[in-house]
Amino acid sequence: MENALVFLASWVLLVGLVYLVDKRAVRYFVAIYWKSERLVAYVARFTEKLSFIPLRAYLAAVVVLFLMPVFLAMPLVRPDGQVQLLSGFLYMLVGGTLSAIKSLAGGRPVEEAAAHSAGVTPIVPGVTLPWDQLPYLAVAIVVSVVLHELMHGYAALRYGIPVKSVGVFSLLYVFSGAFVEPDEESFKKASTEAKVAVLASGVAANVVLAVAAMALGILGAWAGLQGAVFGVSALGVNTGDRVLEIHGCGMSERVYTPDDFLTKVNVLAGMGPLLGVNKTVSCRPGDKVTLVAGSWLGRYSVEVDYVNFTTPPRVNWLYVEGSLYKGGVRAGDVIKRVVGCGVEAEVNTSGQLISALQLMKQRCKPGDVISVDVERNGTLATFNITLVEKGGSIFFGLGPGSLPLWGYDEGPIRRSQLYNTDFAKLIFWMIVVNYGLAMLNALPIYPLDGGQLLAAVAQRKLGEKNGKALVTAVTWVLAAMLVFNAALGVLGEQYKILQSIK
């Protein structure tokens, strides 16, 4: 509530200042809409400085960049330099829609259908977006939209299409942007090549900005501008300081985000296989782990006993088709000892249990019987478990979260008490906003850039009547998919909120 009040107060102050400068730019005190012919001169100067770029090379570049977010693939570069390719959004939208419809038709709950959708979640402050993220989002939107429209203006002027005005608008910060208004008649009479260049330039600018933000994120990570900020004092790290590196037990890693920190700590504790991380560590009781932390005054190191990162081998849940569940182990049991296939291990931590089961997985074969001692409601019990197979190997029935994870289920600090740095938040929103604008505007939905581009090409190839019919059909189909996925996204977020309240 406090963040919401600060947000509204800052908006009232901004609207008041704009009203004093030009009251015509304020609409009902909830929106700002202002345009000017004088700003065209600045766009013209920008165009003049970049007029050395050959038009053919420019056109080829913007067309490729335009096609990437919807029809090709988008690179996602992590702060550690790892590159992942995201499928074109059109494939995600169509595939997500069909998958979600199939899930709903099969009687699955809405939240599960939302998980199968294309992941389109509208930005609604206080509903799908925490209030404290708005400042970073606002900066990202301003930068992204201004450059988007600036490149539209650049391409128009390069192809001899006059620009009438330049303006800005905002509705409560979130629905904000800028626009360049080309001369409508000149644009209609322009060649198809010119229209394609103008319409593709905005999306291309957003793709370039997203990639540039990723590169800046890598540089910032090496400069120590990322990390996991501690919201409370724990493990010798002061409140407000950030953990930048972890060293110990064969691990020497930088820390980029809170989730990255927790993943690496849990890998140290031997929980890597449950997190999908195939990294071997060699921690033993008594070993020390060094955390390198950063503050405004510099960096410092703290030594933490490895045992502080371990969790008890208490079962949270199991796959019912797995060996452990079939053999009688249930949620709430604390596994104390496992014996079988030449392995005999006393179990004190979740990591030790994982290690013992991994060794058994290598030595045992389906049908072998192992012995598992558990503590249930203060009483010791022994289960003889026949091992079952799944996917060509022994399947114990453990999955993500089956055993307690440090920072989520156990430990002196929880995920909710860890934060990203301001730099990391800004980089995150620069990537999300620019890729979001690129994907949305490149969709062939009229009157978005992609829809107008489709209309320009279709009408040239099919004639005005047939071209319009094609654009209309594509627009209605894709718009319906977009609305459907957005509705599922909001409902899915609401379900998460309700679950957290419970």
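Worth saying up front: this structure is predicted, and the values here are computed from it rather than measured.

Rules and cut-offs
- Residues numbered from 1 in each chain as written.
- Predicted model: local features only at pLDDT ≥ 70, side-chain atom pairs only at ≥ 80, totals over all residues.
- Heavy atoms only, no water.
- Helix = DSSP H or I, 4+ residues; strand = E, 2+ residues; numbered from the N terminus.
- Buried < 20%, exposed > 50% of the residue type's maximum accessible area, 1.4 Å probe, protein only.
- Contact = heavy atoms within 4.5 Å.
- Areas by Shrake-Rupley, 256 points an atom, 1.4 Å probe, with all protein chains shown as cover.
- Lys, Arg positive; Asp, Glu negative; His and termini not counted.
- Charge placed at Lys NZ, Arg CZ, Asp CG, Glu CD.
- Phe/Tyr/Trp six-rings, centres within 6.5 Å; stacked < 30°, edge-to-face > 60°.

Draft legend 1. Inspection of the overall build of the chain at higher detail. Counting secondary structure elements, the chain contains 15 helices and 18 strands. The buried share of the chain, reckoned over its 502 residues, is 44%. Sequence separation of 24 or more characterises 62% of the internal contacts of the chain that already satisfy a separation of 6 or more. Here the chain displays about 25500 Å² of accessible surface, and carbon together with sulfur accounts for 61% of that area. Separation between the mean location of the 42 positive side-chain charges and that of the 36 negative ones in the chain comes to 6 Å.

Draft legend 2. Main features of the side chain of T47. Inspection of the secondary structure assignment puts T47 in helix α2 (residues 40–49). Contact partners of T47, with chain neighbours within four places excluded, come to G153, Y154, L157 and R158.

Draft legend 3. Highlighting the environment of A190. Inspection of the secondary structure assignment puts A190 in the loop between α7 (184–189) and α8 (192–222). Judged by relative accessible area, A190 falls into the buried class, the value being 17%. Remark: the alpha-carbon pair of A190 and G160, spanning 30 residues in sequence, is separated by 8.6 Å. Here A190 is in contact with I161 and K195, once residues within four sequence places are set aside.

Draft legend 4. Looking closely at the packing of aromatic side chains. Going through the model one piece at a time under the given rule, you end up with 8 aromatic pairs. Taking the centre distance of 5.1 Å and the plane angle of 80 degrees together, the rings of F428 and W429 count as edge-to-face. Residue F428 is classed as partly exposed on the basis of its relative accessible area, which comes to 46%. Residue classification places W429 among the buried positions, given a relative accessible area of 8%. Among the aromatic residues, ring-to-ring pairing joins F230, F261, F309 and W406 into one connected group.

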